[in-house]
Amino acid sequence: MTRRFDDLADAVLAGTPATPDDALDVLRATDEELLAVVAAAARLRRKHFGNTVKVNYLVNLKSGLCPEDCHYCSQRLGSQADILRYTWLRPDEAIEQAAAGLRGGATRICMVSSGRGPTDRDVERVAGMVGALKQEHPDVEVCACLGLLKDGQAERLREAGVDAYNHNINTAESHHDDIVTSHTYADRVDTVTKAKEAGLSPCSGLIAGLGETDEQLVEALFALRDLGSDSIPVNFLMPFDGTPLEGTWELTPGRCLRILAMARIVCPDKEIRIAGGREMHLRSLQGLALHVANSLFLGDYLTSEGQAAEADLELIRDHGFVVLGADESTTGPALPSAATHDPAKRRRGAGTDLPANA
């Protein structure tokens, strides 16, 4: 019964693009078919990216204080979410944060600021930061994410050394106005287009779990394919208290895995990045998701904490992958040492006065 997913992978590998019906079929696979879906998508991932995982690191240059009304966002206008709020980091602070990510194994630094879009002064501020970062770390790849761009700003960022620009479409055009009203879907597409035309690598993705239908998830992915997004971050809604979507829990680990597999099958040769919410929603399936996606964020996100960076790197190693760009001598399996990995001794349950671990 699951042979159809192998047949779909065969067709995509042979150059036949997946159709919306194919994508829906993947998204609606049963639990019994889940591993067959992953195996099919994994063939495409291995074909285009081998056993590498690209590691990205976020630097939140300015947090909160945003005038937009995106319902999913903890930084939105009127948000009561308990998050860090601060204006622009000093250049030395930004460089220090980026360097921490690079030491942890990242090869791409994502420099992000909240707000509708940058002023020309903001663009110059970021340009200076990028120049300083690349002077110290010439091989680093930099992606900027500053909001809606005006004419000429993408060109200035490219001139300063920015390699890519992130601006997610977030959801399908047919669902957009249910999620945000302070800008249009066309505004978002326009910014991705500006970045692409300026020679920046377009990075645009989505957020799953916003109340969209299966058909709207498919619509969003095909829009990203048509936009030519080189990198597709797949975020899973983190329903912060104090936002309009607080208490929204539509996702399961299996559904998240199907969404990633669908993204791989629709966009087989694009960077599929497991982004915000992976720890919360994929949970114990994070490692399995790496057999479909080829990229993730290391450590923390914009306003939420991720799992420990070393745990991310162990996740990559334990599933037989290597960090893209890492020294080969550092990418082998991490073998436990008796001196540092002594098993935890049981001190609870039977034979003790403490409750059992159950």
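Structure: see above.
Everything in this summary refers to the structure shown in the same document. Remember, it's a predicted structure, so these values are computed and weren't measured experimentally.

**Here we look at the pairing of strand β3 (residues 141–145)**
The buried count for β3 comes to 4 of 5 residues, which makes it a mostly enclosed element. Here strand β2 (residues 108–113) runs beside β3; their pairing, made up of 5 bridges, is parallel. Bridging from a neighbouring strand, I109 pairs with V142 of β3. The handedness of the β2 to β3 crossover, carried by helix α5 (residues 120–136), is right-handed. Strand direction decides the pairing type here: β3 and strand β4 (residues 164–166), joined by 2 bridges, are parallel. Counted as the bridge partner of C143 is A164 from β4. On the question of chirality, the crossover connecting β3 to the parallel β4 by way of helix α6 (residues 153–160) is right-handed.

**Describing the environment of P233**
By secondary structure assignment, the location of P233 is in strand β7 (residues 231–236). P233 sits in the buried class, given a relative accessible area of 3%. Once the C-alpha coordinates of P233 and L206 are considered, the two residues, 27 residues apart in sequence, prove to be 6.6 Å apart. Discounting chain neighbours no more than four positions away, the residues touching P233 are N166, N168, C203, S204, G205, L206, R273 and A275.

**Digging into the pattern of salt bridges**
On inspection of all chains with the given rule, the structure shows 29 salt bridges. One salt bridge in this structure joins D92 and R90, with 3.1 Å as the shortest N-O distance. On the basis of relative accessibility, which here comes to 46%, the residue R90 falls in the partly exposed class. In the salt-bridge network here, residues are joined through shared partners; they are R3, D6, D7, D10 and R43.

**Some points on helix α10 (residues 253–266)**
In this model α10 runs 20 Å from its N-terminal to its C-terminal C-alpha over 14 residues, within 8% of the 20 Å that 1.5 Å per residue would give. Counting buried residues in α10 gives 14 out of 14 residues, a clear majority hidden from the surface.

**Observations concerning unusual backbone geometry**
In this structure, L65 is a non-glycine residue whose phi angle is positive, near 60°. Here L65 shows up in the loop between β1 (52–62) and α4 (91–103).

**What to know about α5**
In this model, α5 (17 residues) spans 25 Å end to end at C-alpha, consistent with the 24 Å of a helix rising 1.5 Å per residue. For α5, every residue scored as buried is listed here: D122, V123, V126, A127, M129, V130, L133 and K134. Across the axial projection of α5, the buried residues extend over an arc of 165°, all falling on one side. Every exposed residue of α5 that faces more than 90 degrees away from the buried side is listed here: D120, R121, Q135 and E136. Residues of α5 that are buried make contact with β1, α4, β2, β3 and α6.

**Quick notes on the packing of helix α2 (residues 20–27) against α10**
When two helices pack together, their arrangement is given by the angle between the helix axes and by the axis-to-axis distance. At a minimum axis distance of 8 Å, the contact between α2 and α10 shows a crossing angle of 155°. Overall, the two elements α2 and α10 adopt an arrangement that is roughly antiparallel. The crossing of α2 and α10 is right-handed. Residue-level inspection shows A23, V26 and L27 of α2 in contact with α10, the latter providing R255, R258, I259, A261, M262, I265 and V266. Class assignment of the residues belonging to the contact of α2 with α10 gives a composition of 8 nonpolar, no polar and 2 charged.

Criteria and thresholds
- Residues numbered from 1 in each chain as written.
- Predicted model: local features only at pLDDT ≥ 70, side-chain atom pairs only at ≥ 80, totals over all residues.
- Heavy atoms only, no water.
- Buried < 20%, exposed > 50% of the residue type's maximum accessible area, 1.4 Å probe, protein only.
- Helix = DSSP H or I, 4+ residues; strand = E, 2+ residues; numbered from the N terminus.
- Pairing = 2+ DSSP bridges.
- Right-handed = clockwise from strand over helix to strand, strands pointing away.
- Contact = heavy atoms within 4.5 Å.
- Salt bridge = Lys/Arg side-chain N within 4 Å of Asp/Glu carboxyl O.
- Expected span 1.5 Å × (residues − 1).
- Arc of directions from axis to C-beta.
- Axes fitted to C-alpha atoms, helices over the stretch in contact; angles between N-to-C directions.
- Parallel < 35°, antiparallel > 145°, perpendicular 65-115°, else oblique.
- Left-handed = near helix turned anticlockwise from the far one by under 90°.
- Nonpolar A, V, L, I, M, F, W, Y, C, P; charged D, E, K, R; others polar.

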